[in-house]
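Structural features, examined
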Amino acid sequence: MIPLFKVAMSEKASALVGEVLDSGYIGQGTKVDELEHALAKRLDNPRILTVSSATAGLHLALHLIATEHGRDGEVLATPLTCTATNWPILANGMKIRWVDTDPETLNIDLDDLARKITPTTRAIVLVHWGGYPVDLDRLTHILDEAERLHGNRPQVIEDCADAFGATYKNAPLGNHGNIAVYSFQAVKHLTTGDGGLLVLPNDHLLERARLLRWYGIDRNSGPNPYQNDITEYGFKANMNDINAAIGLANLDIIDTNLAKHRENAAYYDTELANTPDLELTERAPDRNPSFMYYTLKVKNRTAFTQHLKSNGIATSEVHKRNDHYTTTHPYSTHLPSLDTLTHQHISIPVGWWLTPTDLTHISRTIKKGW
Ligand SMILES: Cc1ncc(COP(=O)(O)O)c(C=O)c1O
């Protein structure tokens, strides 16, 4: 079976991890510092902090917002994503108001978002679906307008879990004035085993997040940081040197792999255009997606997935809508675009592991019909 996801591990990883294991120090140390230095350079942004997972980063981000702006009001959120995007809203005692999904991108529908912002909107949580960037300039205009109308500017959290390497107007995600959270989980473009990256939009939030990712204690405050007062309790959300060593090794392979994802996506864009009963998603010239997976909209999805499965090709919806669970029942609302899309979208393999034969096989299998 051609898999939808695969772990990308550099040949150097075991030696580098071995070095850490043999060093006698496996907590947060020099390897984490090295990884942060490398990632700050890559993202062209010094306001970054590694974390133990994107989930932990999202919890921390929502905690920062809840404690700065209050838990009342609501958070506008996208339902078509991993539960990790939205559960931190609930865990922080905040209310969700769902925003519909843009059928062209599977990202948050910015028209619906603009309609739903009110004076009580505390935050907006969005995801870059499969690594396809949301139109961030349009989002900024919507926020400008909201600020003009209501006098408040909701804080945006961008879930960039699938978007490592993606750019919007040539800038890596995380450079557009919002909080951004990347994932380095097992099958992401850059894996540290488990891990993530929090990107903060200003020094104040960076400093708070730096303290709160480790109990509220300043690890850099000298030989015995426990002696100091703690002004605000925090969490244990920091990365350790074992995970950082994996990440450092994998920085060697990330660009080659990303290029393959993009090449393969471009191949499908050409080969699958104009296929009956199938629609491709948007490609805007100002965005360079990371293509964690390649999403199509198809008629008769069950037959499509069965057809690909019987030809040895894995497919998945990847994420199930979050608004139809018992736990989110109180926030249920009518989302007409998602109601349609939810029966159509399906993702196919696009990653670095595909051979030219795999690519031809996948596109021919799809073009044969289902
Ligand atoms: C969109 C999205 N957000 C968040 C997460 C959570 O990432 P992590 O496993 O690093 O906590 C994932 C995990 O796959 C994801 O796909």
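The preceding data block contains the structure.
Counting starts from 1 at the beginning of each chain's written sequence and moves along it residue by residue. Owing to the predicted nature of the model, reporting of local features is limited to residues with pLDDT of at least 70; listing and counting of side-chain atom pairs is limited to 80 or more, with chain, interface and lining totals taken over all residues. Side-chain measures were taken over the full set of non-hydrogen atoms in the model, leaving aside hydrogen atoms and water.

1. Overview of the sheet that holds strand β2 (residues 74-77)
Selection criterion: Note on pairing: two strands pair once DSSP finds at least 2 bridges between them. Every helix listed is a DSSP run of H or I at least four residues long, and every strand listed is a run of E at least two residues long, numbered separately from the N terminus. Where helices are involved, their axes are fitted lines through C-alpha atoms of the stretch in contact, as for all axes, and angles between N-to-C directions lie from 0 to 180°. For this analysis, residues touch if any pair of their heavy atoms sits within 4.5 Å.
Within the open sheet, the seven strands sit side by side as β1-β9-β8-β5-β4-β2-β3. Their pairing is mixed. Only two strands of the sheet have a single neighbouring strand rather than two, namely β1 (48-51) and β3 (95-98). Recorded for the sheet is a direction-independent mean angle of 20° between the axes of neighbouring strands. Judged from the four bridges that link them, β2 and strand β4 (residues 121-127) form a sheet pairing that is parallel. Considered in β4, the bridge of V75 is made with A123. Of the strands in this sheet, β1, β4, β5 (155-159), β8 (179-183) and β9 (196-199) are in contact with helix α3 (residues 54-69), which crosses β8 at around 165°.

2. Let's talk about the pairing of β9
Inclusion rule: For every residue, the accessible area obtained with a 1.4 Å probe (protein chains only) is divided by the maximum for its type, and the residue is called buried under 20%, exposed over 50%, and partly exposed between those limits.
Alternating positions in β9 separate into two faces, G196 and L198 on one and L197 and V199 on the other, with burial throughout. Two strands pair when backbone bridges link them, and β1 and β9 are joined in this way by four bridges, in the antiparallel orientation. Looking at β9, one finds that T50 is bridged to L197. Relative to β9, β8 is paired through four bridges, and the arrangement is antiparallel. By the bridge assignment, V181 is partnered in β9 with L198.

3. A closer look at the site of the ligand
Our working rule: Think of it this way: one heavy atom of a residue within 4 Å of a molecule or strand is enough to make that residue near it. Identification of polar contacts relies on pairs of N or O atoms within 3.5 Å, with a donor-acceptor requirement for protein atoms, meaning one able to donate a hydrogen and the other able to accept it, and with residues adjacent in sequence counted only if both atoms are side-chain atoms. For every accessible area listed, the method is Shrake-Rupley and the probe measures 1.4 Å; residues are considered covered only by the protein chains on display. Charged means Asp, Glu, Lys or Arg here, nonpolar means Ala, Val, Leu, Ile, Met, Phe, Trp, Tyr, Cys or Pro, and polar covers whatever is left, Gly included.
In the vicinity of the ligand there are 16 residues, among which A54, T55, D159, S183 and K188 approach most closely. Contacts to the ligand include D159, whose side-chain N or O atom sits 2.6 Å from a nitrogen atom. Within the side chain of H319, a nitrogen or oxygen atom sits 3.4 Å from an oxygen atom of the ligand. Considering the ligand on its own, with 390 Å² of exposed area, one finds that the protein chains cover 89% of that surface. For the shell around the ligand, the secondary structure elements donating two or more residues are α3 and α4 (83-91). Tallied by class, the residues present in the shell around the ligand amount to five nonpolar, eight polar and three charged.

4. A short note on the state of the cysteines
Condition: Disulfides are defined as pairs of cysteine sulfur atoms found within 2.5 Å of each other.
Here the structure, examined in full by the defined rule, presents zero disulfides. Of the cysteine sulfurs around C82, a residue in no disulfide, the closest is that of C160, at 14 Å. Overall, C160 belongs to the buried group, its relative accessible area being 0%.

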